[in-house]
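Residue-level listing of the chains:
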Amino acid sequence: MSELNKAMIEQYRNSFLSEVEANVEEGEWVKMCMQCGVCSGSCPLGKHWAHPPQEIFMMIRAGKRDEVLTSDSMWMCTSCYNCIVRCPRELPITHIMHGLATYARKLGLVPQNQPTAKFAEIFWNNMMKKGRVNELKLGLSLYFKDGFGPGIKEALRNKDLGMKMMKAKRMAASEFFGGHGVKDVSGLQKMIKKAQELEDARMKKFD
Amino acid sequence: MSEVAEKKYAAYICTGCGIGDRLDAGELEQTASRDGRMNLVKQHEMLCNKEGVQMIRDDIANEGVTHAVIIACSRRAKVEAFDINDIAMTRCNIREGVIWARPDTDEAKETTQEMANDYIRMSCGEIKQMNKPSPSGQQGRNPNVLVVGGGVTGMTAALEAAEAGYSVHLVEKTGALGGHVAKLHKRVPFKAAPVGTPNSPDANLPMPEDTGIADMISAVEGNDNIKVYLNSTITKTSGAPGRFSVDISTESGDTTTENIGSIVQATGFKLYDPENLPEFNYAGSPDIVTNLEMEELANAAGDGPIKRPSDGKEVTSVLFVQDAGQNSSDEDRLPYDSGIGDLVSIKQALYFKHHNGDGCDTTICYNNLRTPGAPGEDFYRSGQKNGVIFTKSDVKEIVPGDSLTVKMHDKILDDDAEVKVDLVVLDLGMVPNSGPDPYAANEALEGMTDEERAEELEAQEAHAADETSVKVESILNLDYRQGTDLPHLKHGFTDSHFICFPYETRRTGIYAAGPVRRPMDIRQAMDDATGAAMKAIQEIENAAQGRAAHPRVGDLSYPTFRKEGCTQCKRCTVECPFGAIDEDEERYPQYNEARCRRCGTCMGACPVRVISFENYSVNTVGAQIKECDIPEEWDEKPRILVLACENDAYPALDQAAISGVEISPWARVIPVRCLGSTSLSWVTDALNNGYDGIIMMGCKRGDDYQCHFVRGSAMANERMAKVGDTLESLNLEPERVVVEEVAITDIDRAPQLIQDMADTIEKIGLSPFKF
Ligand code: SF4
Ligand code: SF4
Ligand code: SF4
Ligand code: SF4
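Because the structure is a prediction, the values reported are computed rather than measured. (Residues numbered from 1 in each chain as written. Chains lettered and ligands numbered in written order. Predicted model: local features only at pLDDT ≥ 70, side-chain atom pairs only at ≥ 80, totals over all residues. Heavy atoms only, no water.)

S.K.: Any chance you could explain the overall build of chain B here in plain terms?
M.R.: From N to C terminus, chain B includes 22 helices and 29 strands. Projected onto its principal axes, the C-alpha coordinates of chain B cover approximately 95 × 60 × 60 Å. Expressed as a percentage of its 771 residues, the buried residues of chain B come to 57%. Restricting the contact set of chain B to residue pairs at least 6 apart, pairs at least 24 apart contribute 71%. Surface accessibility of chain B: about 31500 Å² in total, with carbon and sulfur atoms responsible for 47%. With 77 positive and 124 negative side-chain charges, chain B shows a spacing of 4 Å between the two charge centroids. (Helix = DSSP H or I, 4+ residues; strand = E, 2+ residues; numbered from the N terminus. Buried < 20%, exposed > 50% of the residue type's maximum accessible area, 1.4 Å probe, protein only. Contact = heavy atoms within 4.5 Å. Areas by Shrake-Rupley, 256 points an atom, 1.4 Å probe, with all protein chains shown as cover. Lys, Arg positive; Asp, Glu negative; His and termini not counted. Charge placed at Lys NZ, Arg CZ, Asp CG, Glu CD.)

Below you can see the structure in the form of C-alpha cells.
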C-alpha cells in the first residue's frame, strides 16, 4: 500500500491518467470525458454506487489512484450500455468500467467479498478447466461460495428449478462428474496463458 | 416660374387589396376633397402597380402636384413603388390600419368606414404642414477613413476600406503596428476539424497556429491607400461625418491636420490588473504570470522548453486559473467574463505539451468552460486529447514558495486539494480601452435626491480639479458639446444597439470595432473590423448626399430651429442622444445635420416648440390629432390616440392586422419617428380635444434598451412624468394616459394594450371634453 499512497500525492497530474491510459482497456478515452454527467444520470444503478462513471473519470484525472482502484463501483456495472448510447463524446464507458475492474484485480486491489468480483472469479476458473462453462458446477459453486451451510440452503431453494432444467435437458447430472469440454483443453489453456503473459509484459510500471 | 411655388394637394385612393370591397370609396373620395380640402382626388384599382404610380408621376409633371397623400397600405409596405421624394408625400394606412385590423361583418361596417374617413382627414391635415425635404447644403464627399488603433482590428479595418478604394489614415499610439496579437506566440486556430472527424482520442484536431500578424503588417505597410502614423494620437476631432477635421499629433508634438469622412475606433483592450486579486499573490512570485506574460515566456523559449521566470528551471507543471477576477459581484472586479479565456488557456497549455513534452503536467481550473467560435469544441477536444487536465474547481489561494502551492476546491468531487506546481497562469479579463464616458457624470446623478446630487456634483468637480487624480485619457478628443469620446453602455464598453446595428455608436460616423465594443477574440475582431469598415464607407457616401445613417437610412430631412423663438434653454443640446447639436458663439443651438440621426428627440424636448423637420414637426402630428373627428358624448364612441414608434410598435400593429388580430375601432394610430420626439403639447391638445385615452408606445428603455435611438424612449418616459400635472389641472383620471414598451414581436400584446384602454374608458367613462 505504501507505493499506492506515494502515487496519490500527485494530484491533478497526468500520472494516474497515463497509467490508466497505458494499462486499462480503452483507458485512453478517459481524458476525452467532458464531465457532462449524462452517463451518471443514465446509469440505472449509478446512484446506488459510491462513484458513478463521470465521477470515476474525474477521480482518475484528480489522481485518486487508491480510491479508484479499490472502489467497488466498476464491479457493479451490469453492462446495460445505457451510458455508451448516450455519451455525447462517445466514450466506451462500459468497457472502461470493466477495464478498470480487470486492472484492479491484476493489482490485487479487489475489495474483499465483493460478490460480482467473486462470481467473475468462479466463472473464469470454471471455464478454464474444460474450455467451456459447466453450468451445473457453476451454479453449485455459486451456491457454496459462502460456505457449506448457506450452500445447502441455496441449493434446496432452487431445487425445483434444477429439476425442471434437467427434465428439459438444459442440464445433465452427469456433468457433475468431469463434464465435457473442448477438444484441445490444454492447447486452449496454453493459448490463454501466453495471451496473459503478453498482456502482462505490455503493462507499464507506474510506481 | 411663380406657379411652381404654388402648393397643389392631391390624394390618391387605392381600391385594391380589398379596400374597395370593404369601404365605400366614393365616401372616402368625398372625405378627402370636402373635409381634407384636397385639390385633386383620384381612385385607382391598384395604385402600387406601374400604371398607378405613373398616374401620380404624370400629375406631378403635368398638374403641378406638390403634396400628395397616398391612401392605401401601411408606410412599411410598397416602399419602393411609392418612393416619391421630389414632392412632399405621406401615406394614409387604410389597409393594415383599417380593413385588415377590423372584422368583415355588418356590425363592424360603420365603425370601419369611420376609421378610414378619420385617417384620411388626419393625413390630409398632416400633408398641409409638410414640405419636401432637401439636403442642407452642408455636405461634401470626403473619401478618407480614419482608423484609430493599429492592432489586428484596426489593421483589418484599414485593409478592408483601402481595398474598397478609400484612403485610410491609420493612427497607432505605440511605435509599432500589431497590438496585442504581435506579442502572441501562436493564436487559437480559426478552423474547426473537417466534418466527419471522429470523437476518438487519436482524431486529428486543430492545434495552435501562426498568428499571421507579420503578413498583415506588411500588407498594411505596402498598401498605397493606407498612411500609417506611429507614436501618434488624436489631439482634436471636430466637424461631422463627411467633414471631420482631425489633428494627429506625434509624441514630439508635431501635428498634422487631416480632412476625414468617417472614423473607426479600434482601440482594443488592456488586461485587468492582477494586483487587485490578493488571493492569487501575483506580486508574491515571478512564477505567477498573466495570460499575456505567458505568451512572452513561450516566445522566449525558442525551440527549447519553456522556463519559469524565477530561476530559469524548465517547467514540469503548470496550472491555469480561469476567470481570475471575472464574473464577480465584488465591487472592484469584473462583473463580466471575457468569454475567450478558456480557449487561450487551452492554447497555452498546448504550448507546454509541445515545448516541454507530454510529461509536463498542465491543469486548467475552470468554472464554466466555454470555447466559443467555430473551432471551439474541437480545440477543447484537442487539449483533452493531448493530455491537458481539466478540473471544474475554485482556486482559493496561491501560496508562493520554491514551488507554488495552489489551494483549490474540486466542485465535481466536492473535495479540497492542494497542488504544487512550477508556474501559475492567471486568466485575466479584458478591459476596454475607451475614452471617458461623456455621460458618466449624469448617470451618477440618476435617482439621487437633491442633497445627494449636490454632494455628488461637488465630488465630481473636486476630482476634475485635483491634478493628482487618475483621469481616463481621451482617445478622440471630439470638440463636441457633449463630451470628448464615445458614450459607454456598461463596464466601459462602447454603447451601440446590440441587436440591430452593433457598429453604430452614439456618435454618427464613428464606428467602434473589436474588444473596445465587447470582449472578443482575434477571429471575431477581424469580422467586427470588416463590418465597421463597411459602415464607415457607407457613412461617407451618405454624408456626401445629406442622407441619414441607421435607422432612418437615406432620410433627407433634418431638424432646424426658429431662432426668434429659442430661449437658449439647451434642452435640445443635452437630450440629443447623438451629440449632434453644438452651441454657436451666441449660445444658440448649432445643428450638425451629418451627425444627426433624425430621431426628433430634440423636437420633443423643446419647451417652446421651435424645432422641426420639413416633413415632421409638432404641427404635422398636431394636425393629425386635430383633424380626427371626435364623436359627441352620446354617440358613445370613444377615441383612443395611439402614438406609436415607427420602428417597433407601428410594425407590430401592422403585423397584428396582417395576422388577423383585431384592433379596437376606437383607436387612431399616429406613427412617430421615435417616442423621444413626442411633444407634451400633443398630449395636452389631444386631451383638450376630447380624446378619451392616450397610449404612447415606444421601445424598451434602460441598460438593455431596444430603442433605435438609444435614449429616445427613455427621454419620452421622463418627459411624460409631467403629464400627471396636466391631467390634474384638467380634472381627468390618470389612467387616461399611459406609456408602454412595445417590441416588434408584440403582435398580440399591442392590440391588447389598446383594448385594455378601451375597457378602462368604459369603466371610468368618456372624456367630458367633447365639444
Ligand atoms: S453499462 Fe454499466 S456504467 Fe453504463 S449505465 Fe449500464 S450499469 Fe451504468
Ligand atoms: S457521458 Fe461521456 S462525456 Fe459525459 S460525463 Fe459521462 S463519460 Fe464523460
Ligand atoms: S435629437 Fe435626434 S433629430 Fe435632434 S439633432 Fe439629435 S439626432 Fe438629430
Ligand atoms: S430646446 Fe428649443 S428653446 Fe431650448 S435651446 Fe433648443 S431650440 Fe432653443
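Still more to cover.
S.K.: Is there a simple way to think about the site of ligand 4 in this case?
M.R.: Around ligand 4 sit 13 residues, and of these Cys 566, Cys 569, Lys 570, Cys 572 and Cys 606 of chain B come closest. Of the residues belonging to the shell around ligand 4, the class tally is 9 nonpolar, 2 polar and 2 charged. (Near = heavy atom within 4 Å. Nonpolar A, V, L, I, M, F, W, Y, C, P; charged D, E, K, R; others polar.)

S.K.: Please explain the sheet that holds strand 27 (residues 667–672) of chain B as it appears in this structure.
M.R.: Through backbone hydrogen bonds, the strands of a sheet pair up, either in parallel or in antiparallel fashion. Residue and element names in this part refer to chain B. With parallel pairing, 4 strands are arranged side by side in an open sheet as 27-26-28-29. Only two strands of the sheet have a single partner each, and these edge strands are strand 27 and strand 29 (737–741). Adjacent strand axes in the sheet meet at a mean angle of 20° when their direction is disregarded. Strand direction decides the pairing type here: strand 26 (residues 640–645) and strand 28 (residues 693–698), joined by 5 bridges, are parallel. In the strand pairing of strand 28, Ala 644 is matched with Met 697. (Pairing = 2+ DSSP bridges. Axes fitted to C-alpha atoms, helices over the stretch in contact; angles between N-to-C directions.)

S.K.: Explain the site of ligand 2 here, please?
M.R.: Neighbouring ligand 2 are 13 residues; Cys 33, Cys 36, Gly 37, Cys 39 and Cys 87 of chain A lie closest to it. For the shell around ligand 2, the residue count by class is 10 nonpolar, 3 polar and no charged.

S.K.: Explain the sheet that holds strand 2 (residues 40–44) of chain B to me, please; I cannot follow it from the model alone.
M.R.: Residue and element names in this part refer to chain B. The strand order 2-1-3-4 describes an open sheet built from 4 strands, whose pairing is parallel. Whereas interior strands pair on both sides, the edge strands pair on one side only; in this sheet they are strand 2 and strand 4 (88–93). On average, each strand axis in the sheet is inclined to that of its neighbour by 15°, with strand direction left out of account. With 6 bridges joining them, strand 3 (residues 67–72) and strand 4 adopt parallel strand pairing.

S.K.: I would appreciate a short explanation of a nonpolar patch on the surface in the present structure.
M.R.: Taken together, the side chains of Phe 148, Ile 152 and Leu 156 of chain A define a hydrophobic patch exposed on the protein surface, amounting to about 330 Å² of accessible area. With respect to the helices and strands, the residue Ile 152 of chain A is situated in helix 10 (residues 148–157). (Patch = residues over 30% accessible without salt bridge, like charges linked within 9 Å, V, L, I, M, F, W, Y side chains within 5 Å. Salt bridge = Lys/Arg side-chain N within 4 Å of Asp/Glu carboxyl O.)

S.K.: Would you mind going over the interface of chain A and chain B with me for this structure?
M.R.: A common measure of how large an interface is: the accessible area buried when the components associate. Taken together, the 22 residues of chain A in the interface contact 29 residues of chain B. For the pair chain A and chain B, the summed buried area comes to about 2200 Å², and 54% of that belongs to carbon and sulfur atoms. Summed over the three residues of chain A that lose the most area to chain B, namely Tyr 12, Arg 13 and Arg 89 of chain A, the buried surface amounts to 32% of that side. Remark: the boundary between chain A and chain B carries 3 salt bridges. Measuring nitrogen to oxygen at the nearest pair gives 2.9 Å for the salt bridge that ties Arg 89 of chain A to Glu 377 of chain B. The tally of links between chain A and chain B comes to 14 residue pairs in polar contact (both at pLDDT 80 or more). Those elements giving two or more residues to the side of chain A that touches chain B turn out to be helix 2 (14–23) and helix 4 (53–61) of chain A. Per-element accounting of the side of chain A that touches chain B gives the leading share, 5 residues, to helix 4 of chain A. (Buried area = accessible area lost by both parts, 1.4 Å probe. Polar contact = N/O pair within 3.5 Å; in protein donor to acceptor, adjacent residues only side chain to side chain.)

S.K.: How should I be thinking about the domain arrangement of chain A in this particular structure?
M.R.: Here chain A is described as being made up of domain 1 (10–112) and domain 2 (115–197). Each of domain 1 of chain A and domain 2 of chain A has a C-alpha centre, and the two are 30 Å apart. (Domains from an automatic or database assignment.)

S.K.: Where do I start with the packing of helix 8 (residues 115–130) of chain A against helix 9 (residues 135–143) of chain A in this structure?
M.R.: Two quantities define a packed helix pair, namely the angle between the axes and the distance from one axis to the other. Residues and elements named next belong to chain A. Running from N to C, helix 8 and helix 9 cross one another at 150°; their axes reach a closest spacing of 10 Å. As for the relative orientation of helix 8 and helix 9, their crossing is right-handed in sense. Contact with helix 8, carried on its side by Phe 119, Ile 122, Phe 123 and Asn 126, involves Lys 137, Leu 138, Ser 141 and Leu 142 of helix 9 and no other residues of that element. Considered class by class, the residues forming the contact of helix 8 with helix 9 number 5 nonpolar, 2 polar and 1 charged. (Left-handed = near helix turned anticlockwise from the far one by under 90°.)

S.K.: Looking at this model, I keep getting lost on the nonpolar core. Mind explaining?
M.R.: Across soluble globular proteins, you tend to see nonpolar side chains buried next to one another. Ranked by internal contacts, the top residues of the largest apolar core, which has 93 residues, are Met 38, Ile 94, Val 642, Trp 682, Met 697 and Ile 754 of chain B. Per-element tally for this core: the top contributor is helix 6 (residues 106–128) of chain B, with 7 residues. With sequence-adjacent residues up to four places away left out, Ile 94 of chain B is seen in contact with Ile 19, Leu 23, Leu 28, Ile 71, Ala 72, Ile 99, Ala 116 and Tyr 119 of chain B. The next biggest cluster of nonpolar side chains, apart from the first, holds 61 residues, and it includes Leu 17, Cys 33, Met 59 and Ile 96 of chain A. (Core = buried A, V, L, I, M, F, W, Y, C linked by side-chain atoms within 4.5 Å.)

S.K.: Would you mind showing me how to read helix 9 (residues 291–301) of chain B here?
M.R.: Because an α-helix packs 3.6 residues into every turn, residues spaced three or four apart end up facing the same way. Residue and element names in this part refer to chain B. Residues Asn 291, Met 294, Glu 295, Leu 297, Ala 298 and Ala 301 constitute the buried set of helix 9. Looking down the long axis of helix 9, one finds its buried residues gathered within 160° of arc, a one-sided arrangement. Lining the buried residues of helix 9 we find strand 12 (269–271), strand 13 (288–290), helix 10 (341–355) and strand 19 (423–428). Gly 302 lies just past helix 9 and shows a positive phi near 60°. (Arc of directions from axis to C-beta.)

S.K.: Looking at this structure, I do not really get the pairing of strand 14 (residues 317–324) of chain B. What am I missing?
M.R.: Regular strands have side chains that alternate between both faces of the sheet. All names here are of chain B. Burial runs high along strand 14: 8 of the 8 residues are buried. Bridge analysis of strand 14 against strand 15 (residues 361–366) gives 5 bridges, and the strand direction is parallel. Each bridged residue has a counterpart across the sheet, and for Val 321 the counterpart in strand 15 is Cys 365. For the crossover from strand 14 across helix 10 to strand 15, the handedness is right-handed. Sheet topology note: the strand 14/strand 19 ladder contains 5 bridges and is parallel. Considered in strand 19, the bridge of Leu 319 is made with Val 424. (Right-handed = clockwise from strand over helix to strand, strands pointing away.)

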